[in-house]
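Working through the structure, step by step
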There are 2 protein chains.
Amino acid sequence: MTAGGICGSDLHEYVAGPHTIPDQEPHPVTGDRLPITMGHEFSGVVEDAGPGVSMAAGTRVAVNPIVWCGECRYCTEGNYHRCTSGGFVGLSGGGGGFAEKAVVSVEKVVPLPADVSTRAAALAEPFSVGLHAVRQSRLELGDEVAVFGCGPIGLAVSQAARLAGATTVVAVEPRDARRERASECGATVTIDPEGVDPVEQLRETCDGGVDVAYEVAGVERTVTDAVRSTRKGGDVTIVSLFEDETALQLNDVVLGERTISGTLAYLGGPLSDREFGMTLEHVASGALDPESIVTDTVSLADVVDEGFERLLDATSDQVKILVRP
Amino acid sequence: MTAGGICGSDLHEYVAGPHTIPDQEPHPVTGDRLPITMGHEFSGVVEDAGPGVSMAAGTRVAVNPIVWCGECRYCTEGNYHRCTSGGFVGLSGGGGGFAEKAVVSVEKVVPLPADVSTRAAALAEPFSVGLHAVRQSRLELGDEVAVFGCGPIGLAVSQAARLAGATTVVAVEPRDARRERASECGATVTIDPEGVDPVEQLRETCDGGVDVAYEVAGVERTVTDAVRSTRKGGDVTIVSLFEDETALQLNDVVLGERTISGTLAYLGGPLSDREFGMTLEHVASGALDPESIVTDTVSLADVVDEGFERLLDATSDQVKILVRP
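Just so it is clear, the model here is predicted, and its values are computed rather than measured.

Conventions adopted
- Residues numbered from 1 in each chain as written.
- Chains lettered and ligands numbered in written order.
- Predicted model: local features only at pLDDT ≥ 70, side-chain atom pairs only at ≥ 80, totals over all residues.
- Heavy atoms only, no water.
- Helix = DSSP H or I, 4+ residues; strand = E, 2+ residues; numbered from the N terminus.
- Buried < 20%, exposed > 50% of the residue type's maximum accessible area, 1.4 Å probe, protein only.
- Contact = heavy atoms within 4.5 Å.
- Domains from an automatic or database assignment.
- Buried area = accessible area lost by both parts, 1.4 Å probe.
- Salt bridge = Lys/Arg side-chain N within 4 Å of Asp/Glu carboxyl O.
- Polar contact = N/O pair within 3.5 Å; in protein donor to acceptor, adjacent residues only side chain to side chain.
- Nonpolar A, V, L, I, M, F, W, Y, C, P; charged D, E, K, R; others polar.
- Least-squares fit on C-alpha atoms with pLDDT ≥ 70 in both.

All names here are of chain A. Tracing the sequence through the fold places threonine 20 in the loop between α1 (8-16) and β2 (41-45). Owing to a relative accessible area of 44%, threonine 20 belongs among the partly exposed residues under this scheme. In this structure threonine 20 touches Glu13, Leu91 and Ser92, once residues within four positions along its chain are discounted.

This brings us to the domain arrangement of chain A. Where interface size is given, it is often the accessible area lost as the parts come together that is meant. Residues and elements named next belong to chain A. By domain assignment, chain A separates into domain 1 (3-126 + 266-324) and domain 2 (138-262). Here the C-alpha centroids of domain 1 and domain 2 sit 26 Å apart. At the junction of the two partners, domain 1 supplies 17 residues and domain 2 supplies 14 residues. Overall, the association of domain 1 and domain 2 removes approximately 1,200 Å² of surface from exposure, summing both partners, and the carbon and sulfur fraction of that is 58%. For the pair domain 1 and domain 2, the number of links is zero salt bridges. Applying the counting rule to domain 1 against domain 2 returns six residue pairs in polar contact (both at pLDDT 80 or more). Tallied by class, the residues present in the side of domain 1 that touches domain 2 amount to seven nonpolar, six polar and four charged.

Moving on, we come to the relation of the copies chain B and chain A. Between chain B and chain A, the superposition needs a rotation of 180° and an axial shift of 0.0 Å, giving an RMSD of 0.0 Å. Within this description, the copies of the chain are treated as partners about a two-fold rotation axis. Proximity to the rotation axis, assessed at the C-alpha, singles out alanine 247 of chain B in chain B; its C-alpha lies 2.1 Å from the axis.

Structure below.
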């Protein structure tokens, strides 16, 4: 392992878990249960390959952590990331990135283009989440876009939306430091939602509403605001997970012929290099810039105190902390 | 007017209105407010045409009741049915079908194919709602479909889904009479949701979930069931309106990469004959059968006592009541 990122779902497991991490029953694919090694965003250098695997020692790689069964309806269709027994290396067992070494199957290993640093490659995972979300959404070249929530995934979505040709990207985020970073990540306008109605501002800026809104905060207000911020016929793509049920006025969806879609992870299994590869190519060209969201780097020994704990501190300006062994 | 249908939104206005009907302020396009003539599903025979309008007296027609401003963003894009000042003849003023005569602009008038009865043509409106809903949904030839709620629109959706090539149409409906009618309207399986979990039955019938679910009841349970009944990547199309907010577990949408879309009415304005025309052609060929949902016909004088009141009676077997002058 050369670098690993701490993700919001790691924090969620740390504070309120185990959720995705298998506790009582072993994971149906990895066979593992607690204790497991965490870390599902990581890059590294190949040390050795198993029998019959042709990958040279020294190859610099990113790891696509999707775990899949290969047998269910979704795997058969090529949607390995929707596998009914699926999971993630670093959450479901099967090794993990917060370690000096990991053993993963060759399909999960994506070689890096020459111009991509291992530091940037550690964030191929969250940037593939952003790329997949934009690919799953109805965004068309020239569209106007809003992004609700500018954590790491919101920032990755902003960059991917600009890359896909969005002319206007409005970032809605209450934390000053994250709004500033959004401006460096493709946002053309930023709105602080505290004490104002961001939807009114969005409607004024964007002729009655944006074409696509990405909801990347996972709370009721941002979902409601995302729906109301879109034009009639607009698309709301949800990239977050929720603790609670969300109360929605569905007449807003029906009368406006709007669409709400959920998006999860990125392509995996034998397609592991598909969206990871796109992401890495765009990192190589400079069109996507994972390093722009990194706020600090800590050692493996400090992952809890200097990593998890600082990211959980709502007064902190941290966005993405990398771990290096 | 030769025949008119009583719609659920008429009942809604009668019991709990005025909602869509303009009360204090005149409607921005029609200029009318209460009292207005109701009835937005109707066919008739042209008696006379205004100056410069070429439509022969005696032409049998259906009326597309969409009211539009012609100037807003949505009208300019051809989505007249999403007009920001839009409405419906029979709800927003501008005449109405529960009368012996109505005056409407020529764009709203759709001539009938020879093989379509004026009785069937009175239901071109709700059947265009069903056709539009299926066209807006992601239904593909060969898909498996569920329809939650078998009132007139649910039955129209079932017929349109079969016409679009759905192989399996599962109708979920608590009333016996409506389930029976669903079987005549293209449903291949019917489920009574009282006392059972229709989602479990649907998942067993359809390999873990249907491709597309249509929600045509407008209550929280059917929305939740519709979402849970779809396969991962599935589509939920909502064709109903809601009295209250709906509590949704959005993780079902996100983890399953599902889509929830709203759909409203049908194309209108200068495109008034587009989806109305498709509907009438399919009625002429017999592929859509509006008469199969008609349960009674009453005179104009009896529209309240024999029409509205019987449809509001939950113990009644009535589905669609036609009015004839």
